[in-house]
Amino acid sequence: MSGRAWRAAIAGVLAIGLAACAAPRAAYQKLDWLASWKLGQYVELDAAQERTFEAGFRKIWDWHRDTELVGYGQDLRELAQATQQPMSPDDVRLWARRAEAHSQRVLERAIDPACGLLSSFDDDQRDSLLKRIAHNIDEDAEEYLDAPEPDIRKQAHKRLRKSLERWVGDLDDRQEAMLEMWSQTRPRRYREWIEERRQWRERLALVLEQRAESGFCGRLQTLLLRPREESDGNMVNEANARAWIDFLASFSATLDQRQRSHLRDKLVELASDFEELRRRS
């Protein structure tokens, strides 16, 4: 949750329509329960597997609390100052990469415990996991591929507006017009997104078929930690990323002093939450 809160903080600052955790302190204290609950939606563990999961999660959580929270606070305070001036596309790209680095470290840390747990799955558990992933993909396909495009764009506009207002406060007429224009013209790649997820699920199924063999952990790591150039190197992704970064930079340039102060205060508040969590550990 804290990793998600960090990414959502950056996203909200840069106008990405993702929802940050509204109460980082409370959520962080319940992180073990939330993780267990989420995993339980995909597969039912036996008693031994539950102990394996709890031990692995605790190690990651302790490491994250001891080493990562301080970095979140530092970066958020630095970002709070950086946002007091318009951000260029290069600035946006830099902060996006810094946010990705935070989440990447958490994922890297989770590989070993994930390998130990997944390698213990029986066929029914494997099938349950794959079935739930497929179900989630199908639900998103129904929502984003079957619905009329105007409805999809209207919902995207609503989500983005809500995120923007949380981070910068009320929007002025120029910003409202910019948001409306973006919502109507932004690139759509839902079909490619759904297909990428289906292909990833098929690769996961192949890896899980070999979960009892030597080299399983290495194959799992390759699947989960695919190089950036492999996952983001196609022309569709690059074009979408450039368009999004340009929009974020343009929106940053429109912020007035009231909005920049609101944004700074929200970021400093979030940084303080992480710092307080670190001190209480």
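Up top is the structure these notes are about.
First, a word on scope: everything that follows refers to the structure included in this document. Within every chain, residues take consecutive numbers counted from 1 along the sequence as written. Whole-chain, interface and lining totals are the exception, using all residues; otherwise, since this is a predicted model, local features are given only for residues with pLDDT of at least 70 and side-chain atom pairs are given and counted only at 80 or more. The side-chain figures draw on all heavy atoms in the structure; neither hydrogens nor water molecules are used.

## So, the side chain of threonine 254
So, point 1. Each helix corresponds to a stretch of at least 4 residues labelled H or I by DSSP, and each strand to a stretch of at least 2 residues labelled E; elements are numbered beginning at the N terminus. Tracing the backbone through its elements, the reader meets threonine 254 in the loop between helix 12 (235-253) and helix 13 (257-280).
So, point 2. We define a polar contact as two N or O atoms separated by no more than 3.5 Å, with the added condition that, inside protein, one atom must be a possible hydrogen donor and the other a possible acceptor, whereas residues neighbouring each other in sequence contribute only through side-chain atom pairs. A polar contact of 2.7 Å, which involves the side chain of threonine 254, links it to the backbone oxygen of phenylalanine 251.
So, point 3. Not counting residues up to four positions away in its chain, the partners in contact with threonine 254 are Arg174, Gln175, Met178 and Gln259. Contact definition: two residues touch when any of their heavy atoms are within 4.5 Å.

## Notes on the environment of leucine 145
So, point 1. Among the secondary structure elements, leucine 145 is positioned in helix 6 (residues 123-145).
So, point 2. Once the C-alpha coordinates of leucine 145 and arginine 191 are considered, the two residues, 46 residues apart in sequence, prove to be 6.8 Å apart.

## Digging into the pattern of salt bridges
So, point 1. Salt bridges are identified by distance alone: a Lys or Arg side-chain nitrogen within 4 Å of an Asp or Glu carboxyl oxygen. Here the structure, examined in full by the defined rule, presents 21 salt bridges.
So, point 2. Between aspartate 127 and arginine 126 there is a salt bridge, and its shortest N-O distance comes to 3.0 Å.
So, point 3. In this structure, aspartate 140 engages arginine 197 in a salt bridge whose closest nitrogen and oxygen atoms are separated by 2.8 Å. Placement of the pair is aspartate 140 in helix 6 and arginine 197 in helix 9 (residues 190-209), with a sequence separation of 57 residues.
So, point 4. Accessibility expressed as a relative area gives 19% for aspartate 140, which makes it buried.
So, point 5. Residues joined by salt bridges that share partners form a network here, namely Asp123, Arg126, Asp127, Glu209 and Arg211. Using a 1.4 Å probe on the protein chains alone, a residue whose accessible area is under 20% of its type maximum counts as buried, one over 50% counts as exposed, and one in between counts as partly exposed.

## Observations regarding the packing of helix 5 (residues 89-118) against helix 10 (residues 216-224)
So, point 1. The interhelical angle for the contact between helix 5 and helix 10, taken along N-to-C directions, is 135°, at an axis separation of 10 Å. Judged by the inter-axis angle, helix 5 sits oblique to helix 10. Considering only the axes of helix 5 and helix 10, their crossing is right-handed. Contact residues: helix 5 offers Leu107, Ile111, Ala114, Cys115 and Leu118, while helix 10 offers Phe216, Cys217, Leu220, Gln221 and Leu224.
So, point 2. Just so you know the grouping, Ala, Val, Leu, Ile, Met, Phe, Trp, Tyr, Cys and Pro go in nonpolar, Asp, Glu, Lys and Arg go in charged, and all remaining residues, Gly too, go in polar. Grouping the constituent residues of the contact of helix 5 with helix 10 by class yields nine nonpolar, one polar and no charged. Note on geometry: axes are C-alpha line fits, over the in-contact stretch for helices, and angles between N-to-C directions span 0 to 180 degrees. Roughly parallel refers to an angle under 35 degrees, roughly antiparallel to one over 145, roughly perpendicular to one between 65 and 115, and oblique to any angle outside these ranges. Here a crossing is called left-handed whenever its near helix is offset anticlockwise from the far helix by less than a right angle, and right-handed whenever the offset is clockwise.

## Looking at the packing of aromatic side chains
So, point 1. Paired rings are identified among Phe, Tyr and Trp, the last through its six-membered ring, by centres lying within 6.5 Å, and are further divided according to the angle between planes into stacked (under 30 degrees), edge-to-face (over 60) and tilted (the rest). Here the structure, examined in full by the defined rule, presents 10 aromatic pairs.
So, point 2. Throughout this description, the term charge over a ring refers to an Arg CZ or Lys NZ atom that lies within 6 Å of the ring centre and within 35 degrees of the ring normal. When the ring centre of tryptophan 95 is taken as reference, the NZ or CZ atom of arginine 98 above it lies at 4.2 Å.
So, point 3. Of note, arginine 132 hangs over the ring of tyrosine 42, and the distance from its end group to the ring centre comes to 5.4 Å.

## Let's talk about the nonpolar core
So, point 1. To qualify as a nonpolar core, a set must consist of buried Ala, Val, Leu, Ile, Met, Phe, Trp, Tyr and Cys residues joined through side-chain atoms within 4.5 Å. Among the nonpolar cores identified, the biggest contains 29 residues, and Leu160, Phe247, Leu267 and Phe274 are the most heavily contacted of them.
So, point 2. Of all elements in the fold, only helix 4 (47-82), helix 5, helix 7 (149-168), helix 8 (173-185), helix 12 and helix 13 reach the threshold of two or more residues within this core.
So, point 3. If you look at the next biggest cluster of nonpolar residues, it comprises 24 residues, including Leu31, Val43, Phe53 and Cys115.

## Quick look at the state of the cysteines
So, point 1. Cysteine sulfur atoms that come within 2.5 Å of each other are treated as a disulfide pair. Going through the model one piece at a time under the given rule, you end up with one disulfide.
So, point 2. Across the disulfide, cysteine 115 is cross-linked to cysteine 217 (sulfur-sulfur distance 1.7 Å). Torsion about the S-S bond of the cysteine 115 and cysteine 217 cystine: about -65°, corresponding to left-handed handedness. Of this pair, cysteine 115 sits in helix 5 while cysteine 217 sits in helix 10, placing them 102 residues apart in sequence.
So, point 3. Judged by relative accessible area, cysteine 217 falls into the partly exposed class, the value being 36%.

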